[in-house]
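Survey of secondary and tertiary structure
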Amino acid sequence: MAWGNTQTTILLTTSIYKINLMKESNPFIKRYLAVLPKDFDLENLLIDNPIKVEFKKNDPIHIRDRLIYLISVVYYRFKKKYPDHNIWESEEYVNLCYKFLHPVIYNYRVYITYLIEAGIIETDGSWQYSRKCLGFRFTEAFRTTYKEKRIEYVYDKKIYKNLQKVRQPIEVKIKYSELHSHLHHLHYDKSLVDKVLEEVYPNKEDEHKKYMQNDNLMRLKYPDTWTFRTGGTGRLYTPITNLKKELRDCLRYKSQELIEIDIKSSIPAMSLLFFNPDKLEHYKETFNMYASNTWNPDLLNYSKNLIDIENIDSNINYTNSNRGIFYNNTSMEGSSVVLSPSSSSINSHIMSSKKSLLHVIPEDIIEFQEDVKSGDIYIRVKTQWNIKLNKSYSRKTAKKKLLSILNSPSHWDSPEKDILEKLYPTVMKIFNSYNGYFKTRSQRSKNTSHERWTKPPFAYFTQSVESDFVLNKVCGRLGEEYPHVPLFTIHDAIYTTQEYKVLVVDIMKQESLKWLGFEIRLGD
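So, here is what we can say about the structure in this document. (Residues numbered from 1 in each chain as written. Predicted model: local features only at pLDDT ≥ 70, side-chain atom pairs only at ≥ 80, totals over all residues. Heavy atoms only, no water.)

Digging into the packing of helix α11 (residues 190–200) against helix α12 (residues 207–218)
Contact geometry of α11 with α12 gives a least axis separation of 10 Å together with a crossing angle of 155°. Classified by the interaxial angle, the pair formed by α11 and α12 is roughly antiparallel. The two elements α11 and α12 cross, and the hand of that crossing is right-handed. Across the interface between the two elements, Val-193, Leu-197 and Glu-198 from α11 touch Lys-210, Gln-213, Asn-214 and Leu-217 from α12. (Axes fitted to C-alpha atoms, helices over the stretch in contact; angles between N-to-C directions. Helix = DSSP H or I, 4+ residues; strand = E, 2+ residues; numbered from the N terminus. Parallel < 35°, antiparallel > 145°, perpendicular 65-115°, else oblique. Left-handed = near helix turned anticlockwise from the far one by under 90°. Contact = heavy atoms within 4.5 Å.)

Considerations on unusual backbone geometry
Located in the positive-phi region is Lys-254, a residue other than glycine, with phi close to 50°. For Lys-254, the location among the structural elements is in the loop between β9 (251–253) and β10 (256–262).

Some points on the state of the cysteines
The term disulfide refers to a covalent linkage connecting the sulfur atoms of a pair of cysteines. Counting across every chain of the model gives one disulfide. One disulfide in the model links Cys-97 with Cys-133; its S-S distance is 1.9 Å. What sets the handedness of the Cys-97 and Cys-133 disulfide is the S-S torsion sign, and at about 105° it is right-handed. Of this pair, Cys-97 sits in the loop between β2 (94–95) and α5 (98–101) while Cys-133 sits in the loop between β3 (121–123) and β4 (135–138), placing them 36 residues apart in sequence. One exposure class covers both Cys-97 and Cys-133, and it is buried. (Disulfide = S-S within 2.5 Å. Buried < 20%, exposed > 50% of the residue type's maximum accessible area, 1.4 Å probe, protein only.)

What about the nonpolar core?
One recurring pattern in soluble globular proteins is that nonpolar side chains are buried together. Among the nonpolar cores identified, the biggest contains 91 residues, and Phe-275, Phe-431 and Phe-461 are the most heavily contacted of them. Tallying contributions element by element places helix α24 (residues 457–481) first for this core, with nine residues. For Phe-461, the contacting residues outside a window of four places in its chain are Leu-273, Phe-274, Leu-280, Tyr-283, Thr-286, Phe-287, Tyr-290 and Tyr-434. Counting 42 residues, the second-largest nonpolar core is a separate cluster that includes Leu-45, Phe-136, Tyr-146 and Leu-163. (Core = buried A, V, L, I, M, F, W, Y, C linked by side-chain atoms within 4.5 Å.)

A closer look at the sheet that holds strand β15 (residues 488–490)
The strand order across the open sheet built from five strands is β6-β9-β10-β16-β15, with neighbouring strands paired in antiparallel fashion. Each edge of the open sheet is held by one strand with a lone partner, namely β6 (186–188) and β15. Geometrically, the sheet is characterised by an average inter-axis angle of 45° between neighbouring strands, direction not taken into account. In terms of strand pairing, β9 meets β10 through two bridges, oriented antiparallel. Bridge pairing links Arg-252 to Glu-257 in β10. (Pairing = 2+ DSSP bridges.)

Topic: a nonpolar patch on the surface
Taken together, the side chains of Trp-127, Tyr-129 and Leu-134 define a hydrophobic patch exposed on the protein surface, amounting to about 360 Å² of accessible area. Among the secondary structure elements, Leu-134 is positioned in the loop between β3 and β4. With relative accessibility at 30%, the residue Leu-134 sits in the partly exposed group. (Patch = residues over 30% accessible without salt bridge, like charges linked within 9 Å, V, L, I, M, F, W, Y side chains within 5 Å. Areas by Shrake-Rupley, 256 points an atom, 1.4 Å probe, with all protein chains shown as cover. Salt bridge = Lys/Arg side-chain N within 4 Å of Asp/Glu carboxyl O.)

Digging into the pairing of β10
Turn length for the β9-β10 hairpin, with the two strands adjacent in sequence and antiparallel, is two residues, and the turn residue Lys-254 shows positive phi of about 50°. Examined bridge by bridge, β10 and strand β16 (residues 493–497) share five bridges and lie antiparallel to one another. Residue Ile-261 lies in a different strand from β16, and its bridge partner there is Ile-494.

What about the sheet that holds β4?
Here three strands make up an open sheet; going across it, the order is β2-β4-β3 and the pairing antiparallel. In this open sheet, the two strands that pair with only one neighbour each are β2 and β3. Strand direction decides the pairing type here: β3 and β4, joined by three bridges, are antiparallel. Across the sheet, Ile-121 pairs through a bridge with Phe-138, a residue of β4. Of the strands in this sheet, β3 and β4 are in contact with helix α6 (residues 108–117), which crosses β3 at around 105°.

This is the structure:
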């Protein structure tokens, strides 16, 4: 072959070849990235302890890949549930459910049984129909033997095809077709990615994390490898959901940088629906579905304590802040009038509004609403905790602690929760009743009985509202009226280009007034 022809052949490895790879099916892209213990020798285990399977019993690669997949699923489920725990030192179980395993490996029970008998995994034996899946963890012997991880690729076509049905349900792609279509134009700055990865993961022990983040980015080029599905609370999971925040800055839409527009104090903002009966009515079905068995709906009638204006005592000072906020529901002008507790016009308004009733709203509810709407609730509680408990919370750690308290069973106590209950007594009483009693992840993983358990009510309700607002209300409207506007979502945040920032912000504020009853605050 002449040099000229050789040179032409070599040039195929440049951009033209890469473009063709994106158009054509690349068999090395269609893979499952598994994680196994570094020195774990599965092949020798199978030689010494052969597995008994009926289907493909003479296909060692078929058998091995299914075992690798299931071992890796235990690892991934653990890292998702307990991101701050060391899997090799933890005794926590993770639930593996039929509805996720069976669509990928129809005879998964044969392989699970083998892994149990081989001393690799063990089960908690706790299962309840439609309530709880069996819990699994690596055995103590397995955990103490292996401490490091390695990457292993599974190229099995059947596993890959079945995974895609789970990762990209057709109904989700249809429902959010506009969001799905924008992903096809998303790419990244490779040189910037390499620099960021070195900064975020400088240590050798984080090499696998770097590799997995890079793999997530690489898969943006190949739609067949994407994740595009919704979770239990309606949250949408896409190829960029699990990217480190620093790496999202490397993303480009048709060569344009993306900007983030996030809802400030999103979960507390969604919780304000508890105190807005008109807006809560829209989410009534979801609200009731997640409410605890001990939920007392009468607690929402906190303004039911009415004052009969005709029998008002003119000697009582109704501006006393301890009494809370008063408002006239049928004022002379025919509309609701809200007065602050320090307003000097309360008594005069009372006297000019005979034959009507005044509702009493506890002041801490008003204060909680204002802290969420106009201030930063995380800064407020951080300051209180640091002063009264001699702590050193940052906004980030205070946010984590506050959400942990709000998402916990009502009987859980802590010094931080005590302070919250003093700041917002009525608010916390309502949230505690809504949560009631439920088993936490840790309790459920150690539970060996078939006792009934529920999802964390406050967490599931507020996340469901957040998902509906971002995906259906905001992105739904933008998709109908401005389908050309690029949109990418990560739970409480929307990413777009600088050109459309003002438009997206305006729509978010308009929709929040319509569905939440107030104008949400957005991050800078």
